[in-house]
Amino acid sequence: MDKIRVGVIGCGGIAKRSHIPNLVSQPDVEVVAICDVYNEVCEVVAEEHKIPHVFTDYNNLLAMDEIDAVDICTPNFAHKDPAIAALQAGKHVLVEKPIARNATEGQEMVDAARKSGKKFMVAQCCRWLPDSLALKRFIDGGAMGEMYYARIQAIRRRGIPSWGVFTDKEKQGGGPLIDIGVHILDTTLWLLGHPKPVAASGATYTKFGNRPGIFGAWGPWDHTNFTVEDFAAGFVRFENGLTLSIESSFAANIEKDRMSLAIMGTEGGCQTDPLKLFREEHGTLIDISPTSLPASNMYAAEIRGFIDSIKNDTEPPVTGEQALLVMKILDGIYKSSELGREVKID
Ligand SMILES: NC(=O)c1ccc[n+]([C@@H]2O[C@H](COP(=O)([O-])OP(=O)(O)OC[C@H]3O[C@@H](n4cnc5c(N)ncnc54)[C@H](O)[C@@H]3O)[C@@H](O)[C@H]2O)c1
(Lines give C-alpha, C1' and ligand atoms only; values in the text may rest on other atoms or scores of the structure.)
Protein backbone atom coordinates (compact mmCIF):
# COMPACT_ATOMS: atom_id res chain seq x y z
CA MET A 1 0.00 0.00 0.00
CA ASP A 2 1.78 3.15 -1.19
CA LYS A 3 -0.58 6.02 -0.52
CA ILE A 4 -3.43 5.97 1.96
CA ARG A 5 -6.45 7.52 0.23
CA VAL A 6 -8.55 9.53 2.63
CA GLY A 7 -12.02 11.10 2.56
CA VAL A 8 -12.85 13.91 4.99
CA ILE A 9 -16.41 14.25 6.35
CA GLY A 10 -17.25 17.70 7.73
CA CYS A 11 -15.42 20.74 6.36
CA GLY A 12 -15.79 23.29 9.15
CA GLY A 13 -13.27 24.98 11.45
CA ILE A 14 -11.09 22.08 12.59
CA ALA A 15 -11.09 20.33 9.20
CA LYS A 16 -9.99 23.46 7.33
CA ARG A 17 -7.56 24.68 10.00
CA SER A 18 -5.87 21.42 10.96
CA HIS A 19 -6.96 18.11 9.46
CA ILE A 20 -6.98 18.84 5.72
CA PRO A 21 -3.69 20.83 5.67
CA ASN A 22 -1.95 18.15 7.74
CA LEU A 23 -3.38 15.29 5.66
CA VAL A 24 -2.35 16.82 2.32
CA SER A 25 1.15 17.56 3.65
CA GLN A 26 1.84 13.85 4.36
CA PRO A 27 3.82 12.38 1.45
CA ASP A 28 1.97 9.07 1.65
CA VAL A 29 -1.59 10.42 1.93
CA GLU A 30 -3.94 11.51 -0.81
CA VAL A 31 -7.16 13.32 0.09
CA VAL A 32 -9.46 12.11 -2.66
CA ALA A 33 -12.85 13.35 -1.43
CA ILE A 34 -14.48 15.72 1.00
CA CYS A 35 -18.03 16.03 2.22
CA ASP A 36 -20.07 18.70 3.97
CA VAL A 37 -23.80 19.28 4.07
CA TYR A 38 -22.97 22.72 2.63
CA ASN A 39 -21.66 22.20 -0.89
CA GLU A 40 -20.24 25.73 -1.18
CA VAL A 41 -17.96 25.07 1.83
CA CYS A 42 -16.57 21.97 0.10
CA GLU A 43 -16.05 23.65 -3.26
CA VAL A 44 -13.74 26.28 -1.76
CA VAL A 45 -11.69 23.69 0.17
CA ALA A 46 -11.55 21.32 -2.83
CA GLU A 47 -10.30 24.14 -5.06
CA GLU A 48 -7.62 25.19 -2.56
CA HIS A 49 -6.24 21.68 -2.01
CA LYS A 50 -6.99 20.19 -5.44
CA ILE A 51 -9.33 17.53 -4.03
CA PRO A 52 -11.12 15.81 -6.92
CA HIS A 53 -14.43 14.63 -5.37
CA VAL A 54 -16.98 16.65 -3.42
CA PHE A 55 -20.14 15.29 -1.73
CA THR A 56 -22.96 16.60 0.41
CA ASP A 57 -24.02 13.09 1.57
CA TYR A 58 -21.32 11.05 3.31
CA ASN A 59 -22.87 7.78 2.09
CA ASN A 60 -21.78 8.72 -1.44
CA LEU A 61 -18.23 9.33 -0.21
CA LEU A 62 -18.24 5.97 1.60
CA ALA A 63 -19.38 4.24 -1.62
CA MET A 64 -16.04 5.11 -3.24
CA ASP A 65 -14.02 1.87 -3.32
CA GLU A 66 -10.77 3.75 -3.71
CA ILE A 67 -11.09 5.36 -0.25
CA ASP A 68 -9.09 3.54 2.45
CA ALA A 69 -9.84 5.78 5.44
CA VAL A 70 -12.12 8.59 6.54
CA ASP A 71 -11.45 11.51 8.84
CA ILE A 72 -14.68 12.65 10.55
CA CYS A 73 -14.68 16.34 11.54
CA THR A 74 -18.41 16.88 12.05
CA PRO A 75 -20.02 18.19 15.27
CA ASN A 76 -20.50 15.68 18.09
CA PHE A 77 -24.07 14.69 17.08
CA ALA A 78 -22.72 13.53 13.72
CA HIS A 79 -19.80 11.38 14.92
CA LYS A 80 -21.51 8.03 15.53
CA ASP A 81 -23.51 7.44 12.35
CA PRO A 82 -20.78 8.28 9.79
CA ALA A 83 -18.17 6.41 11.87
CA ILE A 84 -20.22 3.21 12.01
CA ALA A 85 -21.22 3.49 8.35
CA ALA A 86 -17.56 3.99 7.39
CA LEU A 87 -16.40 0.98 9.43
CA GLN A 88 -19.16 -1.14 7.88
CA ALA A 89 -18.01 0.05 4.45
CA GLY A 90 -14.51 -1.27 5.26
CA LYS A 91 -12.82 2.09 5.90
CA HIS A 92 -10.41 2.96 8.71
CA VAL A 93 -11.77 5.82 10.84
CA LEU A 94 -10.28 8.83 12.58
CA VAL A 95 -12.99 10.80 14.41
CA GLU A 96 -12.69 14.15 16.17
CA LYS A 97 -12.98 14.40 19.94
CA PRO A 98 -15.06 13.65 21.96
CA ILE A 99 -15.78 10.15 20.67
CA ALA A 100 -19.52 11.00 20.63
CA ARG A 101 -22.23 12.76 22.64
CA ASN A 102 -22.24 10.06 25.32
CA ALA A 103 -20.82 6.64 26.20
CA THR A 104 -23.80 4.75 24.75
CA GLU A 105 -22.99 6.13 21.30
CA GLY A 106 -19.26 5.62 21.93
CA GLN A 107 -19.81 1.96 22.88
CA GLU A 108 -21.66 1.34 19.60
CA MET A 109 -18.73 2.84 17.70
CA VAL A 110 -16.15 0.75 19.58
CA ASP A 111 -18.23 -2.40 18.96
CA ALA A 112 -18.50 -1.58 15.24
CA ALA A 113 -14.74 -1.02 15.05
CA ARG A 114 -14.01 -4.35 16.74
CA LYS A 115 -16.38 -6.15 14.38
CA SER A 116 -14.90 -4.50 11.29
CA GLY A 117 -11.25 -5.15 12.14
CA LYS A 118 -10.48 -1.66 10.83
CA LYS A 119 -8.42 0.99 12.65
CA PHE A 120 -10.50 3.32 14.80
CA MET A 121 -8.89 6.33 16.46
CA VAL A 122 -10.20 9.39 18.29
CA ALA A 123 -8.38 12.68 17.64
CA GLN A 124 -7.12 13.53 21.13
CA CYS A 125 -4.44 15.88 19.86
CA CYS A 126 -3.22 17.26 23.21
CA ARG A 127 -1.23 14.11 23.89
CA TRP A 128 1.24 15.49 21.30
CA LEU A 129 1.77 18.86 22.99
CA PRO A 130 5.49 19.27 23.85
CA ASP A 131 4.66 19.50 27.58
CA SER A 132 2.53 16.33 27.48
CA LEU A 133 5.29 14.42 25.67
CA ALA A 134 7.92 15.62 28.18
CA LEU A 135 5.80 14.55 31.15
CA LYS A 136 5.16 11.16 29.54
CA ARG A 137 8.91 10.62 29.23
CA PHE A 138 9.46 11.56 32.91
CA ILE A 139 6.58 9.40 34.15
CA ASP A 140 7.53 6.38 32.05
CA GLY A 141 11.10 6.85 33.28
CA GLY A 142 9.86 6.38 36.87
CA ALA A 143 10.09 10.00 38.09
CA MET A 144 6.74 9.94 39.89
CA GLY A 145 6.57 6.71 41.89
CA GLU A 146 2.97 5.81 42.78
CA MET A 147 0.63 8.47 41.32
CA TYR A 148 -2.36 8.95 43.62
CA TYR A 149 -4.04 12.28 42.86
CA ALA A 150 -4.58 14.52 39.82
CA ARG A 151 -6.05 18.02 39.66
CA ILE A 152 -6.97 19.20 36.18
CA GLN A 153 -8.49 22.32 34.67
CA ALA A 154 -9.78 23.38 31.26
CA ILE A 155 -11.15 26.77 32.22
CA ARG A 156 -11.97 29.90 30.26
CA ARG A 157 -12.98 33.30 31.67
CA ARG A 158 -15.19 34.30 28.73
CA GLY A 159 -14.63 31.78 25.94
CA ILE A 160 -18.13 30.78 24.88
CA PRO A 161 -17.96 29.48 21.28
CA SER A 162 -19.92 31.74 18.92
CA TRP A 163 -20.04 29.34 15.95
CA GLY A 164 -21.26 25.79 15.33
CA VAL A 165 -23.45 23.92 17.84
CA PHE A 166 -21.22 24.13 20.92
CA THR A 167 -23.97 25.67 23.06
CA ASP A 168 -26.69 23.17 22.04
CA LYS A 169 -26.90 20.26 24.50
CA GLU A 170 -28.90 18.02 22.17
CA LYS A 171 -26.32 18.28 19.39
CA GLN A 172 -23.17 18.51 21.52
CA GLY A 173 -23.94 16.31 24.53
CA GLY A 174 -22.81 19.02 26.95
CA GLY A 175 -20.80 22.21 27.38
CA PRO A 176 -17.16 22.88 28.35
CA LEU A 177 -16.76 19.56 30.16
CA ILE A 178 -17.35 17.50 27.01
CA ASP A 179 -15.74 20.06 24.66
CA ILE A 180 -12.47 21.09 26.36
CA GLY A 181 -12.52 19.07 29.60
CA VAL A 182 -12.24 16.01 27.38
CA HIS A 183 -8.79 17.18 26.19
CA ILE A 184 -7.20 17.58 29.60
CA LEU A 185 -8.92 14.44 30.96
CA ASP A 186 -7.68 12.32 28.05
CA THR A 187 -4.11 13.63 28.38
CA THR A 188 -4.11 13.01 32.13
CA LEU A 189 -5.52 9.47 31.88
CA TRP A 190 -2.87 8.71 29.24
CA LEU A 191 -0.14 10.00 31.60
CA LEU A 192 -1.63 7.98 34.47
CA GLY A 193 -1.61 4.78 32.38
CA HIS A 194 -5.41 4.55 31.89
CA PRO A 195 -6.56 3.47 35.37
CA LYS A 196 -10.10 2.08 35.52
CA PRO A 197 -12.66 4.65 36.79
CA VAL A 198 -15.23 3.30 39.27
CA ALA A 199 -17.24 6.32 40.47
CA ALA A 200 -17.81 10.00 39.74
CA SER A 201 -19.53 12.90 41.37
CA GLY A 202 -20.00 16.39 40.02
CA ALA A 203 -21.97 19.56 39.68
CA THR A 204 -22.71 21.69 36.63
CA TYR A 205 -23.89 25.30 36.45
CA THR A 206 -25.27 27.66 33.80
CA LYS A 207 -24.64 31.17 35.11
CA PHE A 208 -23.43 33.23 32.13
CA GLY A 209 -24.28 31.69 28.75
CA ASN A 210 -28.04 32.13 29.10
CA ARG A 211 -27.87 35.79 30.18
CA PRO A 212 -28.03 38.82 27.88
CA GLY A 213 -25.25 41.40 27.99
CA ILE A 214 -22.42 39.08 29.05
CA PHE A 215 -19.06 39.90 27.42
CA GLY A 216 -18.00 37.32 24.82
CA ALA A 217 -14.29 37.31 24.05
CA TRP A 218 -15.01 35.06 21.05
CA GLY A 219 -17.93 37.04 19.66
CA PRO A 220 -21.66 36.97 20.32
CA TRP A 221 -23.63 33.76 20.80
CA ASP A 222 -27.38 33.15 21.06
CA HIS A 223 -28.05 33.38 24.81
CA THR A 224 -31.72 32.45 24.25
CA ASN A 225 -30.67 29.00 23.01
CA PHE A 226 -27.81 28.24 25.39
CA THR A 227 -28.69 24.79 26.78
CA VAL A 228 -25.31 23.53 28.06
CA GLU A 229 -23.48 24.16 31.33
CA ASP A 230 -20.90 26.93 31.42
CA PHE A 231 -19.04 25.49 34.42
CA ALA A 232 -18.58 21.92 35.63
CA ALA A 233 -16.67 20.41 38.54
CA GLY A 234 -16.11 16.71 39.06
CA PHE A 235 -14.40 14.21 41.35
CA VAL A 236 -13.50 10.76 40.07
CA ARG A 237 -12.43 7.60 41.89
CA PHE A 238 -10.37 4.86 40.23
CA GLU A 239 -10.04 1.17 41.01
CA ASN A 240 -6.39 1.55 42.06
CA GLY A 241 -7.23 4.17 44.73
CA LEU A 242 -6.21 7.16 42.61
CA THR A 243 -8.58 10.14 42.58
CA LEU A 244 -8.92 13.09 40.22
CA SER A 245 -10.65 16.45 40.34
CA ILE A 246 -11.63 18.36 37.21
CA GLU A 247 -12.93 21.87 36.53
CA SER A 248 -14.05 23.10 33.14
CA SER A 249 -15.66 26.35 32.04
CA PHE A 250 -16.67 28.41 29.03
CA ALA A 251 -17.22 31.40 31.33
CA ALA A 252 -16.35 32.08 34.97
CA ASN A 253 -15.13 34.95 37.12
CA ILE A 254 -11.54 33.73 37.40
CA GLU A 255 -8.10 35.27 36.87
CA LYS A 256 -7.17 33.62 33.55
CA ASP A 257 -7.79 30.81 31.09
CA ARG A 258 -5.98 27.60 31.97
CA MET A 259 -5.51 24.20 30.35
CA SER A 260 -3.49 22.54 33.06
CA LEU A 261 -2.88 19.34 34.93
CA ALA A 262 -1.09 18.52 38.17
CA ILE A 263 -0.28 14.99 39.29
CA MET A 264 0.98 13.97 42.73
CA GLY A 265 3.17 10.91 43.14
CA THR A 266 5.12 9.36 45.99
CA GLU A 267 8.46 10.16 44.35
CA GLY A 268 7.60 13.29 42.40
CA GLY A 269 4.95 15.74 41.35
CA CYS A 270 4.38 17.36 38.00
CA GLN A 271 2.27 20.07 36.40
CA THR A 272 1.70 21.93 33.17
CA ASP A 273 1.02 25.65 32.63
CA PRO A 274 3.80 26.15 33.55
CA LEU A 275 5.59 22.82 33.05
CA LYS A 276 7.36 21.79 36.27
CA LEU A 277 8.51 18.73 38.16
CA PHE A 278 8.90 18.52 41.92
CA ARG A 279 11.03 15.99 43.76
CA GLU A 280 12.88 15.44 47.01
CA GLU A 281 16.51 14.57 46.30
CA HIS A 282 19.19 13.93 48.94
CA GLY A 283 16.96 15.44 51.63
CA THR A 284 16.24 18.58 49.63
CA LEU A 285 13.03 19.64 47.89
CA ILE A 286 13.73 20.69 44.32
CA ASP A 287 11.72 22.10 41.41
CA ILE A 288 12.76 21.15 37.90
CA SER A 289 11.54 23.21 34.96
CA PRO A 290 12.39 21.47 31.69
CA THR A 291 13.71 23.82 29.02
CA SER A 292 14.26 23.69 25.25
CA LEU A 293 11.56 21.15 24.52
CA PRO A 294 11.42 20.03 20.91
CA ALA A 295 8.60 21.78 19.05
CA SER A 296 5.77 19.60 17.83
CA ASN A 297 2.76 20.12 15.57
CA MET A 298 0.19 18.15 17.53
CA TYR A 299 -2.27 17.90 14.64
CA ALA A 300 0.37 16.65 12.21
CA ALA A 301 1.61 14.12 14.79
CA GLU A 302 -1.93 12.88 15.44
CA ILE A 303 -2.60 12.37 11.71
CA ARG A 304 0.81 10.67 11.33
CA GLY A 305 -0.05 8.31 14.19
CA PHE A 306 -3.32 7.32 12.50
CA ILE A 307 -1.71 6.79 9.09
CA ASP A 308 1.18 4.79 10.58
CA SER A 309 -1.25 2.52 12.43
CA ILE A 310 -2.86 1.67 9.07
CA LYS A 311 0.42 1.20 7.21
CA ASN A 312 2.09 -0.86 9.96
CA ASP A 313 -1.08 -2.64 11.10
CA THR A 314 -0.55 -1.52 14.69
CA GLU A 315 -2.90 -0.20 17.38
CA PRO A 316 -3.73 3.49 16.83
CA PRO A 317 -2.10 5.82 19.38
CA VAL A 318 -5.54 6.80 20.79
CA THR A 319 -7.82 3.76 20.88
CA GLY A 320 -11.60 3.76 20.87
CA GLU A 321 -11.55 1.97 24.22
CA GLN A 322 -9.46 4.74 25.81
CA ALA A 323 -11.76 7.44 24.42
CA LEU A 324 -14.78 5.48 25.67
CA LEU A 325 -13.40 5.42 29.23
CA VAL A 326 -13.01 9.21 29.08
CA MET A 327 -16.61 9.48 27.88
CA LYS A 328 -17.87 7.22 30.70
CA ILE A 329 -16.28 9.58 33.23
CA LEU A 330 -17.85 12.64 31.59
CA ASP A 331 -21.24 10.88 31.52
CA GLY A 332 -20.77 10.02 35.20
CA ILE A 333 -20.11 13.65 36.16
CA TYR A 334 -23.17 14.86 34.22
CA LYS A 335 -25.34 12.13 35.71
CA SER A 336 -24.12 12.83 39.23
CA SER A 337 -24.92 16.51 38.76
CA GLU A 338 -28.49 15.60 37.78
CA LEU A 339 -28.97 13.14 40.65
CA GLY A 340 -27.09 15.09 43.32
CA ARG A 341 -25.00 12.10 44.42
CA GLU A 342 -21.98 10.01 43.44
CA VAL A 343 -22.63 7.50 40.64
CA LYS A 344 -20.91 4.23 39.77
CA ILE A 345 -19.01 3.86 36.50
CA ASP A 346 -19.15 0.37 34.94
N1 LIG B 1 -9.05 18.75 18.42
C2 LIG B 1 -9.32 20.04 18.50
O3 LIG B 1 -8.49 20.84 18.90
C4 LIG B 1 -10.68 20.50 18.07
C5 LIG B 1 -10.92 21.87 17.88
C6 LIG B 1 -12.18 22.25 17.43
C7 LIG B 1 -13.19 21.31 17.20
N8 LIG B 1 -12.92 19.98 17.43
C9 LIG B 1 -13.98 18.97 17.22
O10 LIG B 1 -14.23 18.90 15.83
C11 LIG B 1 -15.63 18.70 15.58
C12 LIG B 1 -16.11 19.81 14.66
O13 LIG B 1 -15.84 21.05 15.24
P14 LIG B 1 -15.69 22.39 14.32
O15 LIG B 1 -15.22 23.47 15.24
O16 LIG B 1 -14.91 22.09 13.12
O17 LIG B 1 -17.24 22.62 13.98
P18 LIG B 1 -17.84 23.42 12.74
O19 LIG B 1 -19.25 23.67 13.08
O20 LIG B 1 -16.94 24.58 12.41
O21 LIG B 1 -17.73 22.38 11.52
C22 LIG B 1 -18.48 21.21 11.41
C23 LIG B 1 -18.83 20.99 9.95
O24 LIG B 1 -19.47 19.72 9.83
C25 LIG B 1 -20.53 19.87 8.87
N26 LIG B 1 -21.52 18.80 9.06
C27 LIG B 1 -22.46 18.67 10.02
N28 LIG B 1 -23.15 17.53 9.87
C29 LIG B 1 -22.64 16.91 8.77
C30 LIG B 1 -22.93 15.69 8.09
N31 LIG B 1 -23.88 14.86 8.52
N32 LIG B 1 -22.22 15.38 6.99
C33 LIG B 1 -21.24 16.21 6.54
N34 LIG B 1 -20.92 17.37 7.15
C35 LIG B 1 -21.60 17.73 8.25
C36 LIG B 1 -21.08 21.27 9.12
O37 LIG B 1 -21.79 21.77 8.01
C38 LIG B 1 -19.78 22.05 9.39
O39 LIG B 1 -19.24 22.62 8.21
C40 LIG B 1 -16.31 18.67 16.96
O41 LIG B 1 -16.56 17.37 17.35
C42 LIG B 1 -15.29 19.33 17.89
O43 LIG B 1 -15.35 18.82 19.19
C44 LIG B 1 -11.69 19.58 17.84
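Computed from a predicted structure; not experimentally measured. (Residues numbered from 1 in each chain as written. Predicted model: local features only at pLDDT ≥ 70, side-chain atom pairs only at ≥ 80, totals over all residues. Heavy atoms only, no water.)

K.L.:
Whenever I open this one, the sheet that holds strand E10 (residues 243-249) confuses me. Can you help?
P.N.:
Strand pairs in the sheet, formed through backbone hydrogen bonds, run parallel or antiparallel to each other. A sheet is described by the order of its strands in space; here nine strands give the open sequence E14-E13-E12-E11-E7-E10-E9-E8-E15, paired in mixed fashion. With partners counted over all chains shown, the strands left at the sheet margins are strand E14 (284-288) and strand E15 (343-344), one partner each. Pairing between strand E7 (residues 147-155) and strand E11 (residues 258-265): eight bridges, direction antiparallel. Within E11, the residue paired with Arg151 across the bridge is Ala262. Across the sheet, helix H6 (residues 130-140) is in contact with E7, E11, strand E12 (268-271) and strand E13 (276-281); its angle to E12 comes to roughly 170°. Here helix H10 (residues 320-339) sits on the sheet in contact with strand E8 (197-205), strand E9 (231-238), E10 and E15, set at roughly 55° to E8. (Pairing = 2+ DSSP bridges. Helix = DSSP H or I, 4+ residues; strand = E, 2+ residues; numbered from the N terminus. Contact = heavy atoms within 4.5 Å. Axes fitted to C-alpha atoms, helices over the stretch in contact; angles between N-to-C directions.)

K.L.:
Is there a simple way to explain the packing of aromatic side chains in this structure?
P.N.:
Counted according to the given criterion, the structure contains three aromatic pairs. Geometrically, the ring pair formed by Trp163 and Phe166 is edge-to-face, given 5.6 Å between the ring centres and 65° between the ring planes. Relative accessible area serves as the criterion here: at 22%, Phe166 is assigned to the partly exposed category. Ring geometry for Tyr205 versus Phe231: centroids 6.1 Å apart, planes at 35°, classification tilted. Note that Tyr205 is positioned in strand E8 and Phe231 in strand E9, a separation of 26 residues in sequence. The exposure class of Tyr205 is partly exposed, given its relative accessible area of 39%. Members of the aromatic cluster, each reached through a chain of ring pairs, are Trp163, Phe166 and Trp218. Above the face of the Trp190 ring, Lys136 is positioned so that its terminal group lies 5.1 Å from the ring centre. (Phe/Tyr/Trp six-rings, centres within 6.5 Å; stacked < 30°, edge-to-face > 60°. Buried < 20%, exposed > 50% of the residue type's maximum accessible area, 1.4 Å probe, protein only. Lys NZ or Arg CZ within 6 Å of the ring centre and 35° of its normal.)

K.L.:
Looking at this structure, I do not really get the packing of helix H1 (residues 13-24) against helix H2 (residues 39-49). What am I missing?
P.N.:
Each pair of packed helices can be described by the angle between their axes along with the distance between the axes. One can describe the packing of H1 onto H2 by two numbers: an axis separation of 12 Å at closest approach and a directional angle of 35°. As H1 runs across H2, the sense of the crossing is right-handed. On H2, the residues that touch Lys16, Ile20, Pro21 and Val24 of H1 are Val41, Val45 and His49. Its residues assigned to classes, the contact of H1 with H2 comprises five nonpolar, one polar and one charged. (Left-handed = near helix turned anticlockwise from the far one by under 90°. Nonpolar A, V, L, I, M, F, W, Y, C, P; charged D, E, K, R; others polar.)

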